[in-house]
Amino acid sequence: MWGTVREETVTDERHNLGQRIIKMTKLLSRFYKDESGATAIEYGLIAALIALAIMVGAGALGNNIGKKFNDIAKAISTGNPTTTP
């Protein structure tokens, strides 16, 4: 009697362990094949590069505009208009 119950318990435990291993293998396989995370990272990197390009361009534009306003202020204060390209 006890031997039969113990054998069934061991068999059930082995069966459950086998099912868990199969489920884990399938989960890892799906995770390995899933490329949505990689795509999100790629989009994030592209967005970061675009933001960097905008910051560099805005900085250069700001410097040029600042120089123009300084030239205009100097011309107004001295009364000598200068023509700068």
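Whatever comes next refers back to the structure up there.
Keep in mind that this is a model prediction, so the values were computed, not measured. (Residues numbered from 1 in each chain as written. Predicted model: local features only at pLDDT ≥ 70, side-chain atom pairs only at ≥ 80, totals over all residues. Heavy atoms only, no water.)

Quick rundown of the overall build of the protein? Include the residues and the values.
Along its length, the protein carries two helices and zero strands. Across the 85 residues that make up the protein, the buried fraction comes to 1%. Counting every atom, the protein has about 8000 Å² of accessible surface; 67% of that belongs to carbon and sulfur. (Helix = DSSP H or I, 4+ residues; strand = E, 2+ residues; numbered from the N terminus. Buried < 20%, exposed > 50% of the residue type's maximum accessible area, 1.4 Å probe, protein only. Areas by Shrake-Rupley, 256 points an atom, 1.4 Å probe, with all protein chains shown as cover.)

So what's going on with a nonpolar patch on the surface? Which residues, and what values?
A cluster of nonpolar side chains, namely L61, I65, F69, I72 and I76, defines an oily patch on the protein surface of about 540 Å² accessible area. The exposed category is assigned to F69, whose relative accessible area is 57%. (Patch = residues over 30% accessible without salt bridge, like charges linked within 9 Å, V, L, I, M, F, W, Y side chains within 5 Å. Salt bridge = Lys/Arg side-chain N within 4 Å of Asp/Glu carboxyl O.)

Just give me the short version of the pattern of salt bridges, but keep the residues and values in it.
In this structure the tally under the stated criterion is one salt bridge. In this structure, K67 and D71 form a salt bridge, with 3.3 Å as the shortest nitrogen-oxygen distance. You can see K67 and its partner D71 sitting in helix α2 (residues 36–78), four residues apart, about one turn around the helix. Assessed through its relative accessible area of 52%, K67 is described here as exposed.

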